[in-house]
Every structure is written in structure tokens, then in C-alpha cells.
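Architecture and fold: a report
The residues making up each chain are set out below.
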Amino acid sequence: MIKRIALLAVVLALASCSSSKPAIATTKKAAAVQTRTASTKRNTPAKPIAKNYPSTNNTTEVIQSTSKTVVTSDLINNYVLQYKDIAMVNMQKYGIPASIILAQGILESGAGRGDLAIEANNHFGIKCHRDWLGESVRHDDDSSQECFRKYPEAAESYRDHALFLVGKKRYATLFTYEKDDYKAWSKGLRAAGYATDPNYPDKLISYIERYNLHQYDCLVTGKNYTPINKSNPVRSSSAVANTKSNSESNDPNLYEVQKGDTLYSISKKFNLLVDELKQKNNLLDNAISIGQKLRVK
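Treat the numbers as computed from the prediction; the structure is a model and nothing was measured.

1. Some remarks on unusual backbone geometry
Residues other than glycine seldom take positive phi values, yet His129 does so here, at roughly 60°. Tracing the backbone through its elements, the reader meets His129 in the loop between helix H5 (115–120) and strand E3 (136–139). Look at His129 and you get partly exposed, because its relative accessible area is 40%. Within the chain, Asn271 stands out as a residue other than glycine whose phi angle is a positive 55°.

Okay, here's the thing in C-alpha cells:
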């Protein structure tokens, strides 16, 4: 009797322990559900990071010349700031409007981003022709793999562009126009055969007026400038010139060229090499003029 009671107590105790354990899913379906849930939690992607998109004022356009180039208005403005001084020097020396030089540079080089500008420092799409003795590259244009001039630096391309226009008889008519008449120059370049695109003059004029390039003609000629593009206001050329002259007159880093001065004599006076002096002032040759301000420090 006692044995039966003890056996019954053990059975009851075992039953009680079994019922207190938590239920465990043992089916394959349940296990799969648990696995997917855990995996989803581990692989939840982080929230996307906001991107800074360009300002809507920085418009984009495609320039089609010797290559197709996508540029923004900021890139074009930066291009102008980089080469405006060279353009004005060339206007003074060769009589080509600075606005025309810059507009052609923008159009022909894709604001410095075109294939020829990058590969050959060729900013004006000038082909080799028979008289070219320098380096060259091959590039598809009107025909396949045409010969284009290659320069060691962009400044040489600007210089060669001026010499090209001055030295070719077919462009002689251009130099009968007023030095700052960019509309006549734009049409004259097309008529003389610089480009085959019938819209070439309109494109040049568009760049000149959109980016106020005529102001650099006025800085050279001393005329007042009224901005055409009101959304990109600039001071008149006379105001710019007056401010510049006032600041330069008190600038100890500048020297005003006197009668009898040469680059060599000036370089000796300020303990510089001639090449250093030329580099400081973006000079392409040794020509200087009385009254010209040169940076010497």
C-alpha cells in the first residue's frame, strides 16, 4: 500500500514539472518563420542620407563643337575668370575683341571641358593646316581622325588663335570693324569660314550677352559698360577701372612701366628672373607698354 502511494506521488510530481516548461515550436514551418523574422531585423537598411543637389540657378547646357560637352553656368563663369586677362592682353596687342576671344573659347573648348582642350590644350578647335610644325592630335570632326594642333599650355592656344586670325588673309576684313563691335565680328568669323555652323554667330553673341563678356572690351577701350544680362549684374567698366587704378596706385607689389624700361631691366631692379616676371603677369612675350602695371612681388 505504501509503495503504491509513493509511486503515485512521483508520477504527479513529474507531470507538474512537464507542464511548467515553455512550449517550443518544432515544426519546420514555424522554424522558418522565426528565421525570416530574425534575418529581417538584422538586414534592415539605414535611412537614406539626403544629398546636396546643385542650385537651380546653376543651369546646365550642352556645348557641341569638336566634342559634345555638358557644362553648367558656374563652369562657364569660372572659365571666363580664368582667361579674361589673357583675352584682354590679346585685344590690346592684336585688336581682336576680348569678348569674341572668350566666347569662342567657351564654344570651341566646351568651357575648357571638351576633349581637345583636355588632351591638347586646344581651346579654339584650330586644325593643323600645312603651316603647323608643332605637336598634334587626331580627333573626329568634319571627317574622321582629323589633325588638330596641340599646345603645351592653354595660354599658347590663346596666343596661336590671335596669330591665326591676324596671319590669314581671309580674316583681314575682321580688322576693319570697330575693335569692340562683337556682333560684326561674330558674323564676320562665320562669313570668313572659321566655322561651318550657320548658327555660329548667334551662339557667340548669346555667350557674350549672357555672361556680360563685352565688359572686358570696355575695360580695354575705356568705354562705359551697361550690363545686358540683368540677372548677373556687374559694375560698369569705368567703375571697375577707377577702383582698380585707385587700389593699384597704392599697391607696393605693382610697378608702372616707364619710358626706356624692358622686362630685363625691371627684373634686375626687383631681383627677379625675366621668366618669373612674365609668369606673374601672364605675359606671353616680352612686349610691354609705358604706363602698364606689372606685378613684381
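2. Overview of the state of the cysteines
Counted under the stated rule, the structure contains one disulfide. For Cys128, the disulfide goes to Cys147, at an S-S distance of 2.0 Å. Residues Cys128 and Cys147 share a disulfide whose torsion about the S-S bond is about -65°; that sign makes it left-handed. In this pair, Cys128 is assigned in the loop between H5 and E3 and Cys147 in strand E4 (residues 146–149), connecting sequence segments 19 residues apart. Judged by its relative accessible area of 7%, Cys128 falls in the buried class.

3. A closer look at the nonpolar core
Formed by 45 residues in total, the largest nonpolar core has its most connected members in Ile96, Leu102, Ile106, Tyr158, Tyr194, Tyr207 and Leu213. Elements supplying a minimum of two residues to this core: helix H3 (73–94), helix H4 (98–109), helix H6 (154–167), helix H7 (182–191) and helix H8 (200–210). The dominant element in this core, judged by the number of residues it contributes, is H3, at nine residues. Not counting residues up to four positions away in its chain, the partners in contact with Tyr194 are Gln104, Glu108, Phe124, Ile126, His161, Phe164, Leu165, Tyr171, Leu189 and Tyr200. By size, the runner-up hydrophobic cluster in this structure holds nine residues, among which are Val257, Ile266, Leu272 and Val296.

4. Observations regarding the confidence of the model for the protein
Scored by pLDDT, the protein has a mean of 78; 71% of the residues are at 70 or more. Across residues 18–56, where pLDDT falls below 50, the model places one contact with residues more than four positions away in sequence or in other chains. Between residues 233–247, whose pLDDT stays under 50, and residues either more than four places distant or in other chains, the model counts 17 contacts.

What counts, and where the lines are drawn
Residues numbered from 1 in each chain as written. Predicted model: local features only at pLDDT ≥ 70, side-chain atom pairs only at ≥ 80, totals over all residues. Heavy atoms only, no water. Helix = DSSP H or I, 4+ residues; strand = E, 2+ residues; numbered from the N terminus. Buried < 20%, exposed > 50% of the residue type's maximum accessible area, 1.4 Å probe, protein only. Disulfide = S-S within 2.5 Å. Core = buried A, V, L, I, M, F, W, Y, C linked by side-chain atoms within 4.5 Å. Contact = heavy atoms within 4.5 Å. pLDDT = per-residue confidence, 0-100.

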